[in-house]
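Below, each chain spelled out in residue letters.
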Amino acid sequence: MPALLPRPPRSVAGGAAFLAAVLGACGGPPPSATPAPSPASPPPRQPPSLLVTPALAGEAVAVVPLTLVVWEDGLGRFPELRDRARVLVWADSSVGVALQLWAPEVKWILPPELRRIARRAPGVAPDPDRMGQAVMRAERLKDVPDPLRSHLRSLAALTGGRFALVPASLAFLADPSGGLRAELSLVLADTRTGKVAWRSLAWGVGATPAGALAAAMASVLPAELGAAP
């Protein structure tokens with residue numbers, strides 16, 4: 001298949017605003033707790049690299065659930081950021097909406113479907129929520145470590161695909177501009193070779209968590225995002 005190479009960044013303001021409205025409608029369980037604070041990180045020195053999804057056209061790509069999310073103390077004023085379980089459900093849904101809206105040429109197998117597949121194959125498929133996928137947030141990793149590698153290979157065998165997209169971590173930070181900053185670590189893993197095919201820190205700024213996450217997803221997807229469809 002063609003190499004998954006980064007492409008130049010482009011304007012995504014209009015599309016991000018449209019997706020923010022969609023993501024803002026994603027629901028979840030009622031809030032119940034506030035997480036521990038997370039220190040702010042400096043802005044990335046370069047734009048995120050794009051995932052060239054046309055190279056994956058027609059492929060079944062498993063999108064594993066997010067298991068690591070943090071946000072700065074004080075951001076609990078946003079309803080989306082008052083409970084970890086709620087954030088995980090909402091963020092998974094938001095990432096899935098963005099992928100299906102902006103990269104429909106790929107057959108994305110989203111977390112709810114992965115869980116159904118796993119339940120239909122007990123003893124064969126791993127639990128998608130407990131594979132240790134957050135380890136892939138480490139930028140130095142060029143190979144998927146075991147047991148995650150074998151877990152992803154098992155899931156890929158059941159979905160009929162070769163690649164898995166791993167949202168390894170998500171952080172929400174107060175941005176110096178006065179907005180909210182979302183940083184999402186994304187990794188595309190080749191389940192046959194165990195190699196990292198693509199990696200990027202998707203980031204974006206918005207007035208709300210939905211707006212910030214929409215801008216982060218827009219920063220790595222190759223669709224030309226002008227006016228909302």
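Figured I'd write up the structure that's included with this text.

Quick notes on the rules
- Every chain's residues receive numbers from 1 upward, in the order its sequence appears when written.
- A pLDDT threshold of at least 70 governs which residues receive local features in this predicted model, and a stricter bar of 80 or more applies before side-chain atom pairs are shown or counted, although totals over entire chains, interfaces and linings include all residues.
- Hydrogens are left out, water is left out, and the side-chain values use all remaining heavy atoms of the structure.
- Helix and strand assignments come from DSSP, with helices taken as H or I runs of at least 4 residues and strands as E runs of at least 2, each series counted from the N terminus.
- Think of it this way: a Phe, Tyr or Trp ring, Trp meaning its six-membered ring, pairs with another when their centres are within 6.5 Å, and the plane angle makes it stacked under 30 degrees, edge-to-face over 60, tilted otherwise.
- Throughout, exposure labels follow a simple rule: accessible area from a 1.4 Å probe, protein chains only, divided by the maximum for the residue type, with under 20% read as buried, over 50% as exposed, and the rest as partly exposed.
- Only buried residues count toward a nonpolar core, which is a set of Ala, Val, Leu, Ile, Met, Phe, Trp, Tyr and Cys residues joined through side-chain atoms within 4.5 Å.
- A contact between two residues is defined here by any heavy atoms of the two lying within 4.5 Å.
- What counts as a salt bridge is simple: a side-chain nitrogen of Lys or Arg found within 4 Å of a carboxyl oxygen of Asp or Glu.
- By this definition, two strands are paired if DSSP reports at least two bridges between them.
- Fitted lines through C-alpha atoms serve as axes, helices being fitted only where they are in contact, and the angles separating the N-to-C directions of these axes extend from 0 to 180 degrees.
- An angle counts as roughly parallel when it lies under 35 degrees, as roughly antiparallel when it exceeds 145, as roughly perpendicular when it falls between 65 and 115, and as oblique in every other case.
- A clockwise turn of the near helix away from the far one marks a right-handed crossing, whereas an anticlockwise turn of less than a right angle marks a left-handed crossing.

Side note on unusual backbone geometry
Piece 1. Asp146 connects to Pro147 through a cis peptide bond whose omega is 5°.
Piece 2. Along the polypeptide, Pro147 turns up in the loop between helix H3 (111-120) and helix H4 (148-159).

Some thoughts on the packing of aromatic side chains
Piece 1. Enumeration over the complete set of coordinates arrives at one aromatic pair.
Piece 2. Taking 6.1 Å as the distance between ring centres and 35° as the angle between the ring planes, the aromatic pair formed by Trp90 and Phe172 counts as tilted. Residue Trp90 is found in helix H2 (residues 84-102), and its partner Phe172 is found in strand S4 (residues 163-174); the two are separated by 82 residues along the sequence.
Piece 3. Residue class for Phe172 comes out buried when judged on its relative accessible area of 0%.

As for the nonpolar core
Piece 1. Of all hydrophobic cores here, the largest spans 41 residues; its most connected members are Trp108, Phe172, Leu184 and Met217.
Piece 2. Of all the secondary-structure elements, those providing two or more residues to this core are strand S1 (60-63), strand S2 (69-71), H2, S4, strand S5 (180-190), strand S6 (196-206) and helix H5 (209-218).
Piece 3. Among the elements that take part in this core, H2 stands out by supplying eight residues, more than any other.
Piece 4. Beyond its immediate chain neighbours, meaning those up to four positions away, Trp108 contacts Leu51, Thr53, Val61, Val63, Leu99, Gln100, Ala103 and Leu165.
Piece 5. Judged by nonpolar contacts, the second largest core, of 19 residues, contains Ala62, Leu114, Met131 and Val144.

So, the pattern of salt bridges
Piece 1. Going through the model one piece at a time under the given rule, you end up with nine salt bridges.
Piece 2. Of the charged contacts in the structure, one is a salt bridge between Lys195 and Asp143, with a shortest N-O distance of 2.7 Å. Within this pair, whereas Lys195 is found in the loop between S5 and S6, its partner Asp143 is found in the loop between H3 and H4, the two being separated by 52 residues in sequence.
Piece 3. Notably, a salt bridge pairs Arg181 with Asp175, separated by 3.4 Å at the nearest N-O pair. Considered together, Arg181 and Asp175 belong to a single accessibility category, that of buried residues.
Piece 4. Through salt bridges with shared partners, a single network forms among Asp92, Arg115 and Asp129.

Describing the pairing of S4
Piece 1. The buried fraction of S4 is high, at eleven of twelve residues.
Piece 2. The sheet contact formed by S1 and S4 spans three bridges and is parallel. Bridging from a neighbouring strand, Val61 pairs with Phe163 of S4.
Piece 3. Bridging between S2 and S4 involves three bridges; their strand directions are parallel. In the sheet register, Trp71 faces S4, and the bridge partner there is Phe172.

Observations regarding the packing of H2 against H5
Piece 1. The N-to-C vectors of H2 and H5 enclose an angle of 45°; their axes lie 10 Å apart at closest approach. What the angle tells us is that H2 and H5 run oblique. Handedness of the H2/H5 crossing: right-handed. Contact with H2, carried on its side by Trp90, Ala91, Ser94, Val95, Ala98, Leu99 and Trp102, involves Pro209, Ala210, Leu213, Ala214, Met217 and Ala218 of H5 and no other residues of that element.

A short note on H5
Piece 1. Burial of H5 is extensive: ten of the ten residues sit out of reach of the surface.
Piece 2. Those residues of H5 lying buried are Pro209, Ala210, Gly211, Ala212, Leu213, Ala214, Ala215, Ala216, Met217 and Ala218.

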